[in-house]
Amino acid sequence: MTPKTMSTTTGALRDIRIQDSFWSDYIRLIRDVVIPYQWEALNDRIPDVEPSHAIQNLRIAAGEEEGSFYGMVFQDSDVAKWLEAVAYLLESEPDAELQRMADAVVDLIAKAQREDGYLNTYYQLKEPGNEWTNLCECHELYTAGHLIEGAVAYWHATGNTKILDVACKFADYIGTVFGPEPGQIHGYDGHQEIELALVRLYRATDEERYLQLSRYFLDERGRVPSFYDREHEARGHTHHWESDFMIKKKSYSQAHAPIREQQTAEGHAVRLVYMCAAMADIALESGDASLLKACRNLWNNIVTKQMYVTGAIGGMAQEESFTLDYDLPSDTAYAETCASIGLIFFAQRMLKLEPDSRYADVMERALYNTVLGSMSRDGKHFFYVNPLEVWPKACGVNHVYDHVKTVRQGWFGCACCPPNVARLLASLGQYIYMTNDSTVYTHLYIGGEADLMVGDNRITLKQHSELPWQGNVQLGIRTDAEKGAMFTLALRVPSWCTSMHILINGVPYMADIDNGYALIRRTWMDGDRIDLSIPMEVLRLKGHPLLRETGGKVAIQRGPLIYCLEETDNGEHLHRLYVGSFQAAETVFEQNVLGGVQVIRMEASRLSDENWNGELYASNVNSLFEPATATFIPYYAWANRGEGEMAVWVRER
């Protein structure tokens, strides 16, 4: 098969070079620490953490070693996501040693693949002959999807056709197994992912059958009678996990209704946003208005009724799921890292469908807060769960908090989140800009250079950004066109600012605002410069009146960052701190705190227990308050200074 030339509206990573005082450190961390650390984890060479065995499983399946399968049924996906992250790093900056290591993984994957194209070490080693008998629970197509995504990314970065051939061979085999024809399986996977991957494979190869297979899986979901029930009956009513809830509770995997009829976010949060991202992809490729409408409905429900202020989603530990509108507890929040990453995927695809700053605002919120906060500053410890309030003394005692970790972990038995973080941050350049024939959209203010095609014009956009600490941004334009390049530069006006001041070559400019973007249409000449001043006031956010958790409380935001209180700065019993309704805030950049962060301080009051005499409840005790100072740090930086209390929402007097 002959691959087509890759081109997307977001630009190739090799054409986008991040050079940013904030984000460059994280890209280097991914390259120098996270990827090598995760390679050691995949090879079971990190002491005192949960073993992975993922590489070992592949070696056994390839016939290189003896042994048995170990790990989760979807263990192969960790290797695929690692390979995808490596691909993005290699596309951004060649590294011969890293590529040699990844090429060896490609060879291993190809060797483990069956002659007919099938590849899944769990079924090849542990349950041969039972392939495709338990799609509801066992993630076969999910694992296949991650392999395909990693393969497309690695081929695009390196030109390695062996891994692309593996992906195409597997996808072609899947296309013979699934579909509407007699003798094919009329079904879909329990965990959406194959749908995203097949669209990427279609874009890489221009083979229409991959796009149609992706659409088939989406359209089949939620039909009656239930596919899950049919396959459950066919295998004698057995189930893979301890209970059969995945089979019985159709909303868990968004199989309770056809996708176009789903109005609210239901079930497992990661599965929902992965599905939505695929729906948006298909809507973009096909022009399907009904799919776009369904995407809008689900997006609006998520971000207006079921999203945390940190950009996290999925509030319930049980089933890692959404619950109901306005149910967003802070201390028992699940808020899986992968769910926020999936929300970013969804947001980016909605931006391709209809550039609107509300999508980019959510993308930025999830990126700077939950995703960044899930990884420690050393790149070797991770949060799977991202609560907004932590009381360490209760964790391990009150079992309602059993899922909450007060410090980041070295690895996980279900290690989906760390490699997901790596592949997102390694591909960060793809989320900054978007182009069409006449417009360059700037979604994120992240410094660096980008070579972009706008219509027939190739330009270089050089950005210098002082975010997230200061709201100063400069953009310079380079073009070889003698008469300049005519296009519109669309600059996002972030939701956290009241206005954005623009200078073009030092002259104030009043831009028209459309869907949250300041539009500047002109003939741009080589050397033109745009200066942006984006006010970064300290905001006191309040929750909707129907949010029970946030009543009488405020959250602090400055720029794209949500802030929190930590015990290290404020002492224990954070629930006793109150800030005044109109209390002035002091912002100070502390170079020696957490690698350099903007700290916010406010005068506050601390509820005293001085006049309590041992009663648990009393009616005749006047509340006494002591003067205090509340010190807030960025939420992403919490839990990097040892174990302690943390709170995003603080009481207001």
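Residues numbered from 1 in each chain as written. Predicted model: local features only at pLDDT ≥ 70, side-chain atom pairs only at ≥ 80, totals over all residues. Heavy atoms only, no water.

(A) Here's a closer look at the packing of helix α7 (residues 140-158) against helix α9 (residues 194-205). Following both chains from N to C, one finds α7 and α9 inclined at 30 degrees, their axes separated by 8 Å at the closest point. As judged from the angle between their axes, α7 and α9 are roughly parallel. Every pair of crossing elements has a handedness; the one defined by α7 and α9 is left-handed. On the side of α7, the interface is formed by Leu141, Ala144, Gly145, Ile148, Glu149, Val152, Ala153 and Trp155, while α9 contributes Ile194, Ala197, Arg200, Leu201 and Ala204. For the contact of α7 with α9, the class distribution of residues is 10 nonpolar, 1 polar and 2 charged. (Axes fitted to C-alpha atoms, helices over the stretch in contact; angles between N-to-C directions. Helix = DSSP H or I, 4+ residues; strand = E, 2+ residues; numbered from the N terminus. Parallel < 35°, antiparallel > 145°, perpendicular 65-115°, else oblique. Left-handed = near helix turned anticlockwise from the far one by under 90°. Contact = heavy atoms within 4.5 Å. Nonpolar A, V, L, I, M, F, W, Y, C, P; charged D, E, K, R; others polar.)

(B) The arrangement of the pattern of salt bridges in detail. Summed over the entire model, instances satisfying the criterion amount to 46 salt bridges. Between glutamate 195 and arginine 221 there is a salt bridge, with its nearest N and O atoms 4.0 Å apart. Taken together, the positions of glutamate 195 in helix α9 and arginine 221 in the loop between α10 (208-220) and α11 (227-234) put the pair 26 residues apart, joining distant regions of the chain. For glutamate 195, a relative accessible area of 1% gives the class buried. With a shortest N-O distance of 3.3 Å, glutamate 220 and arginine 223 are connected by a salt bridge. The exposure class of arginine 223 is partly exposed, given its relative accessible area of 46%. (Salt bridge = Lys/Arg side-chain N within 4 Å of Asp/Glu carboxyl O. Buried < 20%, exposed > 50% of the residue type's maximum accessible area, 1.4 Å probe, protein only.)

(C) Here's a closer look at the packing of aromatic side chains. In the structure shown here, the tally under the stated rule is 31 aromatic pairs. Measuring from centroid to centroid gives 5.8 Å for phenylalanine 22 and tryptophan 469, while their planes differ by 80 degrees, and the two rings are edge-to-face. Of this pair, phenylalanine 22 sits in the loop between β1 (16-18) and α1 (23-42) while tryptophan 469 sits in the loop between β6 (457-465) and β7 (472-479); the two residues are 447 residues apart in sequence, bridging distant segments of the chain. Each member of the pair, phenylalanine 22 as well as tryptophan 469, is classed as buried. Residues tyrosine 122 and tyrosine 123 carry aromatic rings whose centres are separated by 5.0 Å and whose planes lie at 85 degrees to one another, so their mutual orientation is edge-to-face. The pair formed by tyrosine 122 and tyrosine 123 is uniform in burial state, with each residue classed as buried. Each member of the aromatic cluster is reached from another via a ring pair, and the members are Phe22, Trp23, Tyr26, Tyr368, Trp469, Phe589 and Tyr636. Across from the ring centre of tryptophan 524, 4.9 Å away, lies the NZ or CZ of arginine 522, which sits over that ring. (Phe/Tyr/Trp six-rings, centres within 6.5 Å; stacked < 30°, edge-to-face > 60°. Lys NZ or Arg CZ within 6 Å of the ring centre and 35° of its normal.)

(D) Representation of the packing of helix α2 (residues 54-61) against helix α4 (residues 96-112) in the model. Where α2 contacts α4, the two axes come as close as 8 Å, and the packing angle between them is 50 degrees. With respect to each other, α2 and α4 are oriented oblique. By crossing handedness, the relation of α2 to α4 is classed as left-handed. Every residue of α4 that contacts α2 at Ile55, Leu58, Arg59 and Ala61 is listed here: Leu108, Ile109 and Ala112.

(E) Unusual backbone geometry, seen in detail. The omega torsion across valine 224 and proline 225 is 0 degrees, close enough to zero to call that bond cis. Residue proline 468 follows leucine 467 across a cis peptide bond; omega there is 5 degrees. In this fold, proline 468 is placed in the loop between β6 and β7. Not every positive phi belongs to a glycine, and histidine 139 is a case in point at roughly 60 degrees. Here histidine 139 is to be found in the loop between α6 (135-138) and α7. One non-glycine residue, glutamine 254, lies in positive phi territory at about 55 degrees. For glutamine 254, a relative accessible area of 0% translates into the label buried.

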